[in-house]
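Next come the chains, spelled out residue by residue.
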Amino acid sequence: MPWKVTVRTEGKVEQQRFGELDPALDAVEARGKALADGVPDKPIDAKYKQFEPVQQVFARLELAGPERLLPSVRAGIDVRGDGSTEAYLGRVRRAVVEQLKGETAYEALRRTLASAK
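Residues numbered from 1 in each chain as written. Predicted model: local features only at pLDDT ≥ 70, side-chain atom pairs only at ≥ 80, totals over all residues. Heavy atoms only, no water.

Participant: Could you clarify how one ought to interpret unusual backbone geometry in this entry?
Facilitator: Apart from glycine, the bulk of residues carry a negative phi angle, and the bulk of peptide bonds sit in the trans form. In this model, Gly65 is joined to Pro66 through a cis peptide bond whose omega is -10°. Relative to the assigned elements, Pro66 resides in the loop between strand E5 (57-65) and strand E6 (73-80). Of note in this structure, Glu10 is not a glycine but carries a positive phi near 50°. You can see Glu10 is positioned in the loop between strand E1 (3-9) and strand E2 (12-18). (Helix = DSSP H or I, 4+ residues; strand = E, 2+ residues; numbered from the N terminus.)

Participant: Sorry if this is basic, but what is going on with the nonpolar core here?
Facilitator: In summary, soluble globular proteins display a tendency toward joint burial of nonpolar side chains. Membership of the largest hydrophobic core comes to 27 residues, with the highest contact counts inside it found for Leu63, Ile77 and Leu113. When contributions to this core are tallied by element, the ones reaching two or more residues are E1, helix H1 (21-37), E5, E6 and helix H2 (105-116). The contact partners of Leu63, leaving out residues within four places of it in the chain, are Trp3, Lys4, Val5, Leu21, Ala24, Leu25, Val73, Arg74, Ala75, Gly76 and Leu113. (Core = buried A, V, L, I, M, F, W, Y, C linked by side-chain atoms within 4.5 Å. Buried < 20%, exposed > 50% of the residue type's maximum accessible area, 1.4 Å probe, protein only. Contact = heavy atoms within 4.5 Å.)

Participant: Looking at this model, I keep getting lost on the environment of Phe51. Mind explaining?
Facilitator: Note on placement: Phe51 falls in strand E4 (residues 50-51). With a relative accessible area of 25%, Phe51 lands in the partly exposed category. Between the C-alpha atoms of Phe51 and Thr6, which are 45 residues apart in sequence, the distance is 25 Å.

Participant: In this structure, what is going on with the side chain of Glu62? I would like to understand it.
Facilitator: Within the secondary structure layout, Glu62 lies in strand E5. Residue Glu62 is classed as buried on the basis of its relative accessible area of 16%. Separated by 3.2 Å, the side chains of Glu62 and Arg8 make a polar contact. Here Glu62 is in contact with Lys4, Val5, Thr6, Arg8, Ala75, Gly76, Tyr88 and Arg94, once residues within four sequence places are set aside. (Polar contact = N/O pair within 3.5 Å; in protein donor to acceptor, adjacent residues only side chain to side chain.)

Participant: Is there a simple way to explain the side chain of Thr6 in this structure?
Facilitator: Inspection of the secondary structure puts Thr6 in strand E1. The exposure class assigned to Thr6 is buried, which follows from its relative accessible area of 4%. Setting aside chain neighbours within four positions, we find Thr6 in contact with Val13, Glu14, Gln15, Arg60, Leu61 and Glu62.

Participant: Sorry, what's going on with the pairing of E6 here?
Facilitator: Side-chain positions along a regular strand alternate between the two faces of the sheet. Of all 8 residues in E6, 7 are buried, a share of seventy percent or more. With 8 bridges connecting them, E5 and E6 associate as antiparallel partners. Bridge pairing in E6 places Arg60 opposite Asp78. With 5 bridges joining them, E6 and strand E7 (residues 85-89) adopt antiparallel strand pairing. When the sheet's bridge partners are listed, Gly76 is paired in E7 with Tyr88. Adjacent in sequence and paired antiparallel, E6 and E7 are bridged by 4 residues, among which Gly83 carries a positive phi angle near 95°. (Pairing = 2+ DSSP bridges.)

Participant: I would appreciate a short explanation of the packing of aromatic side chains in the present structure.
Facilitator: For any two aromatic rings, the description comes down to two numbers: the centre-to-centre distance and the angle of the planes. Per the stated rule, a full pass over the model turns up 0 aromatic pairs. When the ring centre of Tyr88 is taken as reference, the NZ or CZ atom of Arg94 above it lies at 5.0 Å. (Phe/Tyr/Trp six-rings, centres within 6.5 Å; stacked < 30°, edge-to-face > 60°. Lys NZ or Arg CZ within 6 Å of the ring centre and 35° of its normal.)

Everything listed is a geometric property; what it means functionally is a separate question.
Okay, here's the thing in structure tokens:
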């Protein structure tokens, strides 16, 4: 199974493997939308600073593949504390995927990965 989807939320890690890119992207979208609906929209108040929900990453959905040991594609979706989503490319150095007008983060990720094939 060449594509791996990793979901990190609230200190838990879940992994799934897929043979093709499209089912992996479908799984990322379905899980991301489910997580975005259950986000507790509240700020975190640290002693020195208050973090608004849009500044918090509630869940991170990572996609890696198609190679197993050293994947050539690393991308994903961040679900923010206010329920908004943001697509990115990379792992350590993340580059935000630019969304076109009327496009969701999931569609932007799909478009970007389709053009990278």
